[in-house]
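# Summary of the model geometry
Letter by letter, the chains look like this.
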Amino acid sequence: MEDSILDKVIAAKLSEEVQQIRTSDVLAVLLAELQEREREVVSRRFGLQGKDAQTLKEIGAEFAITRERVRQIESHSLEKLRELLGETRLREHTDPLIHSTMHILEEHGGILARHHLWELVCTLSALSTDDAVARSSFEFILEQLLQDRIDALSESR
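Here goes a summary of the coordinates provided. (Residues numbered from 1 in each chain as written. Predicted model: local features only at pLDDT ≥ 70, side-chain atom pairs only at ≥ 80, totals over all residues. Heavy atoms only, no water.)

## Things to note about the overall build of the protein
When you go through the protein residue by residue, the secondary structure sums to 8 helices and 0 strands. Evaluated residue by residue, the protein yields a buried proportion of 37% over its 157 residues. Counted over contacts in the protein with a minimum sequence separation of 6, partners at least 24 positions apart contribute 60%. On the protein, roughly 9,700 Å² of surface is accessible, and the fraction owed to carbon and sulfur atoms is 48%. (Helix = DSSP H or I, 4+ residues; strand = E, 2+ residues; numbered from the N terminus. Buried < 20%, exposed > 50% of the residue type's maximum accessible area, 1.4 Å probe, protein only. Contact = heavy atoms within 4.5 Å. Areas by Shrake-Rupley, 256 points an atom, 1.4 Å probe, with all protein chains shown as cover.)

## Section: the pattern of salt bridges
The final tally for this structure, using the stated rule, is 12 salt bridges. The partner of Arg71 in a salt bridge is Glu68, with the nearest N and O atoms 2.5 Å apart. Residue Arg71 and its partner Glu68 are located together in helix H5 (residues 67–85), separated by 3 residues, close to a single helical turn. The closest approach of N and O atoms between Arg135 and Glu139, which form a salt bridge, is 3.0 Å. (Salt bridge = Lys/Arg side-chain N within 4 Å of Asp/Glu carboxyl O.)

## So, the nonpolar core
Of all hydrophobic cores here, the largest spans 29 residues; its most connected members are Leu30, Leu81, Phe140, Ile141 and Leu145. Sorting the residues of this core by element identifies helix H2 (23–31), H5, helix H6 (91–107), helix H7 (114–124) and helix H8 (132–145) as the ones contributing at least two each. What Leu30 contacts, discounting residues up to four positions off in sequence, is Leu81, Leu84, Leu85, Leu90, Thr94 and Leu145. Counting 6 residues, the second largest nonpolar core, distinct from the first, contains Val41, Leu56, Ile65 and Val70. (Core = buried A, V, L, I, M, F, W, Y, C linked by side-chain atoms within 4.5 Å.)

## Considering the packing of H2 against H6
The contact between H2 and H6 brings their axes to 9 Å, and the two run at 135°. In terms of orientation, H2 lies oblique with respect to H6. The handedness of the crossing between H2 and H6 is left-handed. Facing H2, whose interface residues are Thr23, Val26, Val29 and Leu30, H6 presents His93, Thr94 and Leu97. Classifying every residue of the contact of H2 with H6 gives 4 nonpolar, 3 polar and no charged. (Axes fitted to C-alpha atoms, helices over the stretch in contact; angles between N-to-C directions. Parallel < 35°, antiparallel > 145°, perpendicular 65-115°, else oblique. Left-handed = near helix turned anticlockwise from the far one by under 90°. Nonpolar A, V, L, I, M, F, W, Y, C, P; charged D, E, K, R; others polar.)

## Considerations on the packing of H2 against H8
Packing of H2 against H8 leaves a shortest axis separation of 8 Å and a crossing angle of 55°. In terms of their interaxial angle, H2 and H8 are classed as oblique. Remark: the crossing between H2 and H8 carries left-handed chirality. Note on element contacts: H8 touches H2 through Val133, Ala134, Ser137, Phe138, Phe140, Ile141 and Leu145, opposite Thr23, Ser24, Val26, Leu27 and Leu30. Of the residues belonging to the contact of H2 with H8, the class tally is 9 nonpolar, 3 polar and no charged.

## Regarding the packing of aromatic side chains
Across all of its chains, the model carries 2 aromatic pairs by this definition. Note on Trp118 and Phe138: the rings are 5.3 Å apart at their centroids and 45° apart in plane angle, and the pair reads as tilted. Taken together, the residues Trp118 in helix H7 and Phe138 in helix H8 connect sequence positions 20 residues apart. Assigned by exposure class, Trp118 and Phe138 land together as buried. (Phe/Tyr/Trp six-rings, centres within 6.5 Å; stacked < 30°, edge-to-face > 60°.)

## Quick look at the side chain of Thr94
On the secondary structure map, Thr94 appears in helix H6. Here Thr94 falls in the buried class, since its relative accessible area comes to 1%. Here Thr94 is in contact with Val26, Leu30 and Leu85, once residues within four sequence places are set aside.

And the structure:
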């Protein structure tokens, strides 16, 4: 059976959105909304923007604060970032990534291994599967910011 006109329009819109995906740019826009210390804590904690992930203790030592205070800043910052995803003024940056990712998941029955999802996003967009910064940005957005929309499951037999 042929695709309907609506299916073709949806496919064209998805294709256009996927081509606009720049995970590092999306994350940069979101992180720019945080205060400097919040941005540094999140970037260091999750190994974003080319940095290695650090422990609460390591970050606390650098900022001369306790591990608990680092954890509080991290938690508050993640909540702030999740709220920013819904803000109208940022939607032009965030929506293509969110809609495309959700559509890809739906097309594959709602279940995909993280690396397969990344490969599909890269195949449909201009991203390289070898771009470590883009991949860490993508995984951070999926795991930390879209956790209310996507359930991460551990692989099992």
